[in-house]
Amino acid sequence: MSNPNNIRNLCIMAHVDHGKTSLADALVASNGLINQRQAGRIRYMDSRKDEMERGITMKSSCVSLGYKRDGFSYLVNLIDSPGHVDFSWEVSTAVRLCDGAIIVVDVVEGVCAQTKVVLQQAWAENIRPVLVLNKIDRLILETKLSPIDCYYHIAQVLEQVNAYMGELYNTALLGRTAEEVEERQRVERERRVSERERERRVSESETPEAKHIFADWGIETVDDSELYFSPERGNVVFSSAYDGWGFSIHHFAVQFSAKLGMNKGVLMKTLWGDYYISNKGGEKRIMSGARDKRKNPLFVSLILENLYKVYDTVMNRKDKNETEKLAGALGVKLPLSVLRSTDVRQKLNFLCSEWLPLAPAVLDMVVDHLPSASSITEERAASLMCSATQRFDSLPPESQKLRQAFVKCSGAEEEPLIVYISKMFGVQRKQLPKETASRGQRTVGGVPAGGGGGTQGVLSEAELAARREEIRRRREEAALSAKDAEGNDLGRPLTAEEMAEMEQQQKKVAEERRLVEEARRKQDEEEVFIAFARVFSGTLRPGQKVYILGPKYNPLSALHLLKEGEISEDAVKDLPHIHVCQVSDLYLMLGREFERLERASAGTVVGISGLAGYVIKSATLASTPALPAFTELTPNATPILRVAVEPKDPRNLQKLRAGLKLLNQADPCVQVLLQASGEYVMVTAGEVHLQRCIDDLQEHYACTPVRVSDPIVPFRETIIPPPTVDRLNEAIEGENINLRKEENSDPLGTVQVEGRTGRLKVRAVPLPSSITSILECHQDLLKLVSQAAVVTSAACRSTDSHAVTEANSDVHITTSNETNSVTNTKSPEAEKEKADSLQVNSLSAALETRQKLSQETKSAIEDLKTSLNNAFQEAGPEWEEAVNKIWSFGPNGCGPNLLLNCIGTYPRPSVWDPATTVDSPLAAYDTNFITGFQMATAAGPLCEEPMMGVCFMVEDWGLPLPTTSSDDEQASRNLGISSGHVISLVKDTLRKAFEQQCQRLMCAMYSCVISVTSEVVGRMYSVISKRQGRIVDGDITEGSTSWNVTAYLPVVESMDFANELRKSTSGEAMPQLVFSHWEVLDMDPFWEPQTTEELMHWGEKADSGNVARRYINAVRKRKGLAIDEKIVEFAEKQRTLSKNK
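Reading the values: rules and limits
Residues numbered from 1 in each chain as written. Predicted model: local features only at pLDDT ≥ 70, side-chain atom pairs only at ≥ 80, totals over all residues. Heavy atoms only, no water. Helix = DSSP H or I, 4+ residues; strand = E, 2+ residues; numbered from the N terminus. Buried < 20%, exposed > 50% of the residue type's maximum accessible area, 1.4 Å probe, protein only. Contact = heavy atoms within 4.5 Å. Areas by Shrake-Rupley, 256 points an atom, 1.4 Å probe, with all protein chains shown as cover. Phe/Tyr/Trp six-rings, centres within 6.5 Å; stacked < 30°, edge-to-face > 60°. 1 Å grid on protein atoms, 1.4 Å probe; cavity = no way out; pocket = protein on both sides within 12 Å on 5 of 7 lines; lining within 4 Å. Points joined across faces, edges and corners; volume = space filled by probe spheres on them. Nonpolar A, V, L, I, M, F, W, Y, C, P; charged D, E, K, R; others polar. Pairing = 2+ DSSP bridges. Axes fitted to C-alpha atoms, helices over the stretch in contact; angles between N-to-C directions. Core = buried A, V, L, I, M, F, W, Y, C linked by side-chain atoms within 4.5 Å. Arc of directions from axis to C-beta. Salt bridge = Lys/Arg side-chain N within 4 Å of Asp/Glu carboxyl O. Polar contact = N/O pair within 3.5 Å; in protein donor to acceptor, adjacent residues only side chain to side chain. Parallel < 35°, antiparallel > 145°, perpendicular 65-115°, else oblique. Left-handed = near helix turned anticlockwise from the far one by under 90°. pLDDT = per-residue confidence, 0-100.

### Brief notes about the overall build of the protein
For step 1, the next point in the chain: Helix and strand counts for the protein come out as 35 helices and 37 strands.
For step 2, the next point in the chain: Of all 1141 residues assigned to the protein, the portion counted as buried reaches 48%.
For step 3, the next point in the chain: Taking the intrachain contacts of the protein between residues at least 6 apart in sequence as the baseline, contacts between residues at least 24 apart amount to 75%.
For step 4, the next point in the chain: Here the protein has roughly 56500 Å² of accessible surface; of this, 49% comes from carbon and sulfur atoms.

This is the structure we're talking about:
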């Protein structure tokens, strides 16, 4: 563990049910943690009860394995990650700690949706993958392909994986700058030179004749990029994890080089590909063009045919004599118990695992082709230290120096300590190892005992033993007294009081023992949080004090204190997002077990205890505050499913509160919210994730029954252009006109309001879909833009406490040392000074925000503005110059809605311009106007859900002025117009403008990928159509009877979808649901027959169900809003059975 060059940190990633955990079992069995015969069936890495019941992995868990080869010892930290889409956050936490990944692909199902997701995660984190093509036994036993068809099917799956890798490479290449491409090419060239030198040393042992023959065959010896998976390069393993066998090309190249008398290097490059053996002239030669000449490739003739023979002999013919002969030919000795067994699968497993052991094949590939813990490149180190919108050279010089610590990966004492915690997970205390005597503390069941170290009121073992000895002594005295009473009178018998006292003492000891046992049991079942971490530099020891850096920590806040000297713990308490903590214990993770460590050097993956009170989900540990916090993990699944929880017993509300806090800390994906209504809400990634969170909350964290509401599914409200066809798809023109349309209604939907608080004229229009998508994808940048754009009135310049100067198109604020006095006086002058002070403070804050923006962020904002401008120009001439009229984004200053300033008398700068002042009376209420816009877009009129894709064009806005002559600012104040009046005016007017248009509801949509057999495809289609879903893609997997179907399903209709689908298809269909997009529900919530054709078809009042109205009523009912529905309809007088009255 002290040599990072011999450490491999890797994770197993795949689609669900592709064999990750079975492969992990085989690797774990190689270290003796489980029996070799149980590998693939025991699912050692799945320790949760629900994981065993469902048969899927729900959390990422680590096991440290030892492997010896060629006299070197290697430490392999293997992380098994989930394949279900609901737990993709667990995959992200595992990938961040690794340098390599094993991608497992089921050769029957091929490249599935989650396979692409994990490949993309590995690419984004810049870790190197290797490939395991699993479940080849299914091609032999289930699909019953011939050996040649099996070969071409495997080659097709391998080509699919490589095609997606090429797609990722091209996408990343187009997004890089020329300097980044040149730097990456330089690193690749250096790596290739070192590998060619290593291959040259190996090839020096080859004979000249072999080199000459090899050259004559025309095989290219130039090393290719490591982008693709290629069996001849050794980064692909063919396996059946369930049957316990696996091999790479290298295994058979070594075996057949001796039998065929050929060079091993030649066989390495020809066992996979279009090569065959030719016996012309009595000499065996390897030739190319096997497919054109209708010859079996070497992979078929030398490998697959032998494998097929083993399966046919053991599984199909079940001939014991032939099986024994075959085992002898393969060099495997079958025990008598296996030969007599009637379980043919057990025979096959023993034979194949001895002939082609899976663990050595995979671990050899891991050691040879995955980077060591010390091979972190400068590029990856920079990506861990700063985000994509920030350049590395923008960090402080002290922080930039720490990049070399990542690259060196040294555990020396003088190296800075750098540790990253990707998640916190809970384990029961009894699973942790007990304290040893050398640590100076004795434990009882993992709980400190004796000397006041245990639980208060509980006796230690020594005290209990002393009391038991006292009782035993008293019993002996009583027996002796009774005996002497019969013979010689040597003593007196115990009195009744003494006997009662002794019995009372015995009951007391028994009760104390029961209390001790109960305390032990509670302590053993108590959840202890362990940090899942990797040491990138330095050495971590138990009891060491470290800095804990939160995800939002900025080293600039502490560097000025560091320059003055050592930072004290009291000074750290005043700094944001940084704490000082003492590490308790370090653990080596062995799947379901833990082993205590005395130290953890650079490159190791360990568990750390004692950080539960400081780390919520992820954090960075360091010995210096100059280190920036690690960049946040990239989520692949958006939490979308919400439920409200409450305890069944209101007295347990405090337990629920504490339990939700622990759940939020233990689960990296769940979000726990306290709404304004007082409800506790959990936001989860899907139905399976929701059920796991509820079980954890009730059984481990809150330990109390809870009541769960129906899922709270979010919606969005939008408007669309007036439809041109009715519900019967008939054009609304000619005789088919809208008979109920109001003749005097404004065709543009403009709303004008004029009253005591002023006049306002607004028009709501739907945003083009391209602009909505751009706004939705850049919410972080929009928030920065909104914070840096503030407009104030020019009258604020005259305040005595602030001086505003303008230079170089930027406004700088200089604040005097005087403190603004706050008085309770209600005079207009005091109110005016207070308002001016608030406006100038807002302007100052906006300027500070803009000055803090890095050059990269400003460049990204300019690119965003350019892309918006191009999208507006493509949308049509009515959007000309719209990008320069943007007033604000909403809701929350970063949403997909726009407020445009089309007022000719109010020359307000756009949101892209720096914070400034405007000489207009309207500027004093500019912030209030934006607040009204934010409130209107945050809660629409349909069901108080946020708006999306709506643009409000403000055409006129004015304040009522008095007839007396005074300055504009003072005149508006004399009217008594407060900020609340303006906010209310704007909010109500915008909502009215929204209601003038064609309103629609937007549903959150799942992208549903379903693997289903051909026999039940029709039943699957009926279930999807019943739940308002639609099929977008479906294709049969070549060489099998399974289909891969992609559909869109509303989230609101997805509850219990997986169970219903499994029941309808007899368990033959398996869905994967992941949030995809928002989609307009093509149904008017207030629809009634209006056109001539609709009235003829449905009549005056249609009684068909309105899906959009049903959704809206459900949301309004949950929020306590008014619902326009009849409680009783078609009421009749009650009739009894006895009398017909």
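### Some words on the packing of aromatic side chains
For step 1, the next point in the chain: All chains considered together, the criterion is met by 31 aromatic pairs.
For step 2, the next point in the chain: On the numbers, 5.4 Å between centres and 50° between planes, the contact of Phe536 with Phe630 is tilted. Taken together, the positions of Phe536 in strand β13 (residues 527-537) and Phe630 in the loop between β19 (619-622) and β20 (641-647) put the pair 94 residues apart, joining distant regions of the chain. Here Phe536 matches Phe630 in class, with each residue buried.
For step 3, the next point in the chain: Ring centres of Tyr906 and Trp957 lie 6.1 Å apart, and the angle between their planes is 75°; this geometry places the pair in the edge-to-face category. Here the residue Tyr906 occupies a position in the loop between β31 (897-901) and β32 (916-918), and Trp957 occupies one in strand β33 (residues 950-958), the gap between them amounting to 51 residues.

### A look at empty space enclosed by the protein
For step 1, the next point in the chain: For the structure on display, the rule yields four cavities of 30 Å³ or more.
For step 2, the next point in the chain: Each pocket or cavity is described by its volume, and for the second largest cavity that value is around 40 Å³.
For step 3, the next point in the chain: Every residue lining the second largest cavity is listed: Ala26, Gln36, Arg37, Ala39, Gly244, Asn349 and Ser353.
For step 4, the next point in the chain: Its residues assigned to classes, the lining of the second largest cavity comprises two nonpolar, four polar and one charged.

### A short note on the sheet that holds strand β26 (residues 758-766)
For step 1, the next point in the chain: Spatially, five strands are ordered β25-β26-β33-β31-β30 in an open sheet, and the strand pairing comes out mixed. Looking along the sheet, the strands with just one partner apiece sit at the ends: β25 (750-755) and β30 (886-890). Between one strand axis and the next, the sheet turns through 20° on average, direction left out of account.
For step 2, the next point in the chain: Strand direction decides the pairing type here: β25 and β26, joined by six bridges, are antiparallel. Its bridge partner lying in β26, Gln752 is registered against Lys761.
For step 3, the next point in the chain: Packed onto the sheet, helix α31 (residues 979-995) meets β25, β26 and β33 and runs at close to 40° relative to β26.

### With respect to the nonpolar core
For step 1, the next point in the chain: Among the nonpolar cores identified, the biggest contains 119 residues, and Met13, Leu131, Leu133, Phe238, Phe299 and Phe406 are the most heavily contacted of them.
For step 2, the next point in the chain: Among the elements that make up this core, the one with the highest residue count is helix α11 (residues 298-317) (12 residues).
For step 3, the next point in the chain: Not counting residues up to four positions away in its chain, the partners in contact with Phe238 are Leu133, Ile136, Ile154, Pro231, Trp245, Gly246, Phe247, Ile249, Trp272 and Phe299.
For step 4, the next point in the chain: Grouped together as the second largest cluster of nonpolar side chains are 41 residues, Val606, Val643, Val645 and Leu656 included.

### A look at helix α32 (residues 1017-1026)
For step 1, the next point in the chain: Within the span of α32, buried status applies to Val1017, Met1020, Val1023 and Ile1024. Down the axis of α32, the smallest arc covering the buried residues is 120°, so these residues share one side.
For step 2, the next point in the chain: Directly after α32, the chain includes Gln1028, whose backbone phi takes a positive value near 65°.

### Side note on the environment of Ala241
For step 1, the next point in the chain: Position of Ala241 among the secondary structure elements: in the loop between β6 (236-240) and β7 (245-247).
For step 2, the next point in the chain: A residue is classified by how much of its surface remains accessible, and Ala241, at 2% relative accessible area, is buried.
For step 3, the next point in the chain: Apart from the residues within four sequence positions on either side, Ala241 is in contact with Gly19, Ser22, Leu23, Gly40, Asn134 and Leu358.

### Looking at the pattern of salt bridges
For step 1, the next point in the chain: With the rule as written, the count across this model stands at 37 salt bridges.
For step 2, the next point in the chain: Measuring nitrogen to oxygen at the nearest pair gives 2.7 Å for the salt bridge that ties Lys408 to Glu415.
For step 3, the next point in the chain: Residue Glu415 is classed as buried on the basis of its relative accessible area of 15%.
For step 4, the next point in the chain: Between Arg707 and Glu646 there is a salt bridge; the shortest N-O distance is 3.1 Å. Taken together, the positions of Arg707 in strand β23 (residues 706-708) and Glu646 in strand β20 put the pair 61 residues apart, joining distant regions of the chain.
For step 5, the next point in the chain: In this structure Arg707 comes out as partly exposed when scored by relative accessible area, which is 40%.
For step 6, the next point in the chain: With a relative accessible area of 41%, Glu646 lands in the partly exposed category.
For step 7, the next point in the chain: When salt bridges with common partners are traced through the structure, they connect Arg69, Asp70, Asp364 and Asp368 into a single cluster.

### Quick look at the sheet that holds β23
For step 1, the next point in the chain: On the basis of which strands lie adjacent, the open sheet formed by four strands has the order β21-β22-β20-β23 and antiparallel pairing. Here the strands that pair on one side only, and so sit at the sheet edges, are β21 (671-674) and β23. Strand-to-strand, the axes of this sheet are offset by a mean angle of 30°, without reference to chain direction.
For step 2, the next point in the chain: Across five bridges, the pairing between β20 and strand β22 (residues 680-684) is antiparallel. The residue of β22 that forms the bridge with Leu641 is Thr684.
For step 3, the next point in the chain: Helix α24 (residues 687-701) contacts β20, β22 and β23 of the sheet and is inclined by roughly 135° relative to β22.

### Side note on helix α12 (residues 320-329)
For step 1, the next point in the chain: Along α12, the positions that sit buried rather than exposed are Thr323, Leu326 and Ala327. For α12, the angular spread of the buried residues around the axis is 100°, confining them to a single face. Residues of α12 that are exposed and point more than 90 degrees away from the buried face comprise Asn321, Lys325, Gly328 and Ala329.
For step 2, the next point in the chain: For α12, the side-chain oxygen to backbone nitrogen distance between the N-cap and Asn321 is 3.1 Å, and the N-cap itself is Asp319.

### So, the pairing of β33
For step 1, the next point in the chain: With respect to burial, β33 is a largely interior element, eight of its nine residues being buried.
For step 2, the next point in the chain: Pairing of β26 with β33 involves eight bridges; the strand directions are antiparallel. Considered in β33, the bridge of Pro766 is made with Val950.
For step 3, the next point in the chain: Summarising the sheet, β31 and β33 pair through four bridges and their orientation is parallel. What sits directly across from Leu899, in β33, is Phe952.

### Looking at the packing of helix α9 (residues 249-260) against α11
For step 1, the next point in the chain: Two numbers describe how α9 lies on α11: the axes approach to 12 Å, and their chain directions differ by 110°. The angle between the axes of α9 and α11 places the two elements in the roughly perpendicular class. Within the contact between the two elements, α9 uses Ile249, Phe252, Phe256 and Leu260 and α11 uses Phe299, Leu302, Ile303 and Asn306.
For step 2, the next point in the chain: Of the residues in the contact of α9 with α11, the class split is seven nonpolar, one polar and no charged.

### A look at the packing of helix α3 (residues 88-96) against helix α4 (residues 113-124)
For step 1, the next point in the chain: The contact between α3 and α4 brings their axes to 10 Å, and the two run at 30°. With respect to α4, the element α3 is oriented roughly parallel. Here the hand of the crossing between α3 and α4 comes out right-handed. Along the contact surface, α3 presents Ser88, Val91, Ser92 and Val95, while α4 presents Gln114, Val118 and Gln121.
For step 2, the next point in the chain: Residue composition of the contact of α3 with α4, by class: three nonpolar, four polar and no charged.

### Describing the environment of Val108
For step 1, the next point in the chain: Inspection of the secondary structure assignment puts Val108 in the loop between β4 (100-106) and α4.
For step 2, the next point in the chain: For Val108, a relative accessible area of 4% puts it in the buried group.
For step 3, the next point in the chain: Placed 34 residues apart in sequence, Val108 and Glu142 show a C-alpha to C-alpha distance of 9.5 Å.

### Here's the deal with the confidence of the model for the protein
For step 1, the next point in the chain: Chain-level statistics for the protein give a pLDDT mean of 79 and a share of 78% at 70 or above.
For step 2, the next point in the chain: Contacts for the low-pLDDT stretch residues 436-458, under 50 throughout, to residues beyond four places or in other chains number 29 contacts.

### Re unusual backbone geometry
For step 1, the next point in the chain: With an omega of 0°, the peptide bond running from Gly890 to Pro891 counts as cis.
For step 2, the next point in the chain: Here Pro891 shows up in the loop between β30 and β31.
For step 3, the next point in the chain: For Asp70, which is not a glycine, the phi torsion comes out positive at approximately 55°.
For step 4, the next point in the chain: In this structure, Asp70 sits in the loop between β2 (61-69) and β3 (72-80).
For step 5, the next point in the chain: In this structure Asp70 comes out as exposed when scored by relative accessible area, which is 65%.
For step 6, the next point in the chain: In the Ramachandran plot, Glu944 falls in the positive-phi region, its phi being about 60° despite a non-glycine side chain.
For step 7, the next point in the chain: With respect to the helices and strands, the residue Glu944 is situated in the loop between α29 (926-938) and β33.

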